[in-house]
Amino acid sequence: QVQLVESGGRSVQTGDSLRLSCASSGDTFTRYVMSWFRQAPGKEREFVAAISGGGARRSVSDSTADRLTISRDNTKNMVYLQMRSLKLEDTAVYYCAADNSGDLGNRVDEYRYWGQGTQVTVSS
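Residues numbered from 1 in each chain as written. Predicted model: local features only at pLDDT ≥ 70, side-chain atom pairs only at ≥ 80, totals over all residues. Heavy atoms only, no water.

**Quick notes on the environment of M78**
Looking at the element boundaries, M78 is found in strand β8 (residues 78-83). A relative accessible area of 17% places M78 in the buried class. Once the C-alpha coordinates of M78 and E110 are considered, the two residues, 32 residues apart in sequence, prove to be 20 Å apart. Apart from residues no more than four positions distant in its own chain, M78 is found in contact with S21, C22, A23, F29, S71, R72 and D73. (Helix = DSSP H or I, 4+ residues; strand = E, 2+ residues; numbered from the N terminus. Buried < 20%, exposed > 50% of the residue type's maximum accessible area, 1.4 Å probe, protein only. Contact = heavy atoms within 4.5 Å.)

**Comments concerning the state of the cysteines**
Enumeration according to the criterion identifies one disulfide in this entry. Across the disulfide from C22 sits C96; the S-S distance is 2.1 Å. Negative torsions about the S-S bond denote left-handed disulfides, and the value of about -80° found for C22 with C96 makes this one left-handed. Of this pair, C22 sits in strand β3 (residues 18-25) while C96 sits in strand β9 (residues 92-99); the two residues are 74 residues apart in sequence, bridging distant segments of the chain. (Disulfide = S-S within 2.5 Å.)

**Let's talk about the pairing of strand β4 (residues 33-39)**
Of all seven residues making up β4, six are buried, and the element is well covered by its neighbours. Bridge count for β4 against β9 is seven bridges, and the pairing is antiparallel. What sits directly across from F37, in β9, is Y95. Strand direction decides the pairing type here: β4 and strand β5 (residues 46-51), joined by five bridges, are antiparallel. Bridge pairing in β5 places R38 opposite E46. Joining the antiparallel neighbours β4 and β5 is a turn of six residues, in which G42 adopts a positive phi near 75°. (Pairing = 2+ DSSP bridges.)

**Re the packing of aromatic side chains**
Taken as a whole, this structure holds six aromatic pairs when the rule is applied. When the centroid spacing of 6.4 Å and the interplanar angle of 80° are considered together, the rings of Y95 and W114 count as edge-to-face. Placement of Y95 in strand β9 and of W114 in strand β10 (residues 113-114) is noted, with a sequence separation of 19 residues between them. According to the relative accessible area criterion, W114 is partly exposed, its value standing at 23%. Geometrically, the ring pair formed by Y111 and W114 is edge-to-face, given 6.4 Å between the ring centres and 75° between the ring planes. Among the aromatic residues, those joined into a ring-pair cluster are F37, F47, Y95, Y111 and W114. If you follow R19 out to its NZ or CZ, it ends over the ring of Y80, 4.3 Å from the centre. Above the plane of the ring of F47 lies R58, whose end atom (NZ or CZ) is 5.9 Å from the centre. (Phe/Tyr/Trp six-rings, centres within 6.5 Å; stacked < 30°, edge-to-face > 60°. Lys NZ or Arg CZ within 6 Å of the ring centre and 35° of its normal.)

**Observations regarding the pairing of β9**
In regular strands, side chains alternate between the two faces of the sheet. Among the eight residues that make up β9, seven are buried, leaving the element largely enclosed by the rest of the structure. When β9 meets strand β11 (residues 118-123), the two strands line up antiparallel, connected through three bridges. Pairing of V93 across the sheet is with Q119, part of β11. Across two bridges, the pairing between β9 and β10 is antiparallel. Counterpart to A97 in the pairing with β10 is W114.

Structural data, given as structure tokens:
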């Protein structure tokens, strides 16, 4: 089993930068693909990015990857989402997720473990 705790979400202005963190505990961290999803009010939870234990990455799009970059530190059991040039449409609850399938999945049902989320609010 894996426990995930997100942090770093706050209210920011458009154009700002922000780094979200996800702390993992309970199982061998490097066995897990880690990912970030986000969910805005009234919207479905959507994939942002994923990263394997070895550092392979997948993003929802090239343009998103330019602004929202996933990374991990296996010595600290941490995964991060570095966000830059934030836009109003980035406003959402951001969730950290983990799975041990080995696939860089982009669907909610491909991830077994989830954090409680951290709120990011972007305003003009």
